[in-house]
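# Structural description and commentary
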Amino acid sequence: MDKNNIQPYDDMMKDLLSGSKMKASENLKFRIMQQIETEKALAPKKVSSAQPVINNMFAIFGIMYAIIGILGFYIYSSGGMDALLSVKFFVPALFVFAICGMYWMLTAYDERRRSRQKQD
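These figures come from a predicted structure and were not determined experimentally.

### Thoughts on the overall build of the chain
The secondary structure content of the chain amounts to five helices and zero strands. In sequence order, the chain lays out its α and β elements as α-α-α-α-α. Counting all 120 residues of the chain, 12% fall into the buried class. Contacts in the chain between residues far apart in sequence, at least 24 positions, make up 60% of those at least 6 positions apart. Surface exposure of the chain reaches about 10,700 Å², of which carbon and sulfur atoms provide 65%.

Here it is, written out as structure tokens:
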């Protein structure tokens, strides 16, 4: 059907039904709005879990870089620039990096698991 042909029929139906519909009292409208606002206030708030993961990331990787910096300073002061470019520095630095990375991944996984349990 053509959209123009449907429009007059819709207008006629609205006119016919407008006389038969009941109007709500002001008291009823007020009580309904009050109920809606009460339900909104009592509904549990959704907590965003992105912030703790980012805070944990900065803390863990900050500590990691501090440990690697202290390790580098110690190796530089005891062996010079050649010691910094040797296995004597890279193996412990890689070890610290791996441990901190795994710790961060486990922390992020645990935080995600806890946030899912709170939502359920």
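### Examining the side chain of Thr-107
You can see Thr-107 is positioned in helix α5 (residues 87-119). Not counting the four nearest positions on each side in its chain, Thr-107 is found in contact with Asn-56 and Ile-60.

### Focus on the nonpolar core
Core analysis: the biggest nonpolar cluster contains eleven residues, these being Ile-60, Phe-61, Met-64, Ile-68, Ile-75, Ala-83, Leu-84, Phe-89, Ala-93, Val-96 and Cys-100. Counting residues per element, the ones that place at least two in this core are α3 (50-79), α4 (81-84) and α5. It is α3 that contributes the most residues to this core, five residues altogether.

### Some words on the side chain of Ser-115
Topologically, Ser-115 is positioned in helix α5. Polar contacts involving the side chain of Ser-115 include one to the main-chain carbonyl oxygen of Arg-112, which spans 2.9 Å.

### Considerations on the packing of aromatic side chains
Taken as a whole and assessed by the stated rule, the structure comprises two aromatic pairs. With centroids separated by 5.6 Å and ring planes inclined at 50°, the aromatic side chains of Phe-61 and Trp-104 adopt a geometry described as tilted. Remark: Trp-104 occurs in helix α5 and Phe-61 occurs in helix α3; sequence separation between them is 43 residues.

### Examining a nonpolar patch on the surface
Taken together, the side chains of Leu-28, Ile-32, Met-33 and Ile-36 make up a nonpolar region of the molecular surface, amounting to roughly 330 Å² of accessible area. You can see Leu-28 is positioned in helix α2 (residues 26-42). Residue classification places Leu-28 among the partly exposed positions, given a relative accessible area of 34%.

### A few points about the pattern of salt bridges
Inspection of the entire model under this criterion finds three salt bridges. For the salt bridge of Asp-110 with Arg-113, the shortest nitrogen-to-oxygen distance reads 2.6 Å. Taken together, the residues Asp-110 and Arg-113, both in helix α5 and three residues apart, mark about one turn of the helix. In this structure Asp-110 comes out as partly exposed when scored by relative accessible area, which is 24%. Under the relative-accessibility criterion, Arg-113 is labelled partly exposed at 35%. The salt bridge involving Arg-114 is made with Asp-110; its shortest N-O contact spans 3.3 Å. Here Asp-110 and Arg-114 lie together in helix α5, a separation of four residues that amounts to about one turn. Because the salt bridges share partners, they merge into one network encompassing Asp-110, Arg-113 and Arg-114.

Calculation criteria
Residues numbered from 1 in each chain as written. Predicted model: local features only at pLDDT ≥ 70, side-chain atom pairs only at ≥ 80, totals over all residues. Heavy atoms only, no water. Helix = DSSP H or I, 4+ residues; strand = E, 2+ residues; numbered from the N terminus. Buried < 20%, exposed > 50% of the residue type's maximum accessible area, 1.4 Å probe, protein only. Contact = heavy atoms within 4.5 Å. Areas by Shrake-Rupley, 256 points an atom, 1.4 Å probe, with all protein chains shown as cover. Core = buried A, V, L, I, M, F, W, Y, C linked by side-chain atoms within 4.5 Å. Polar contact = N/O pair within 3.5 Å; in protein donor to acceptor, adjacent residues only side chain to side chain. Phe/Tyr/Trp six-rings, centres within 6.5 Å; stacked < 30°, edge-to-face > 60°. Patch = residues over 30% accessible without salt bridge, like charges linked within 9 Å, V, L, I, M, F, W, Y side chains within 5 Å. Salt bridge = Lys/Arg side-chain N within 4 Å of Asp/Glu carboxyl O.

Geometry only, nothing functional implied.
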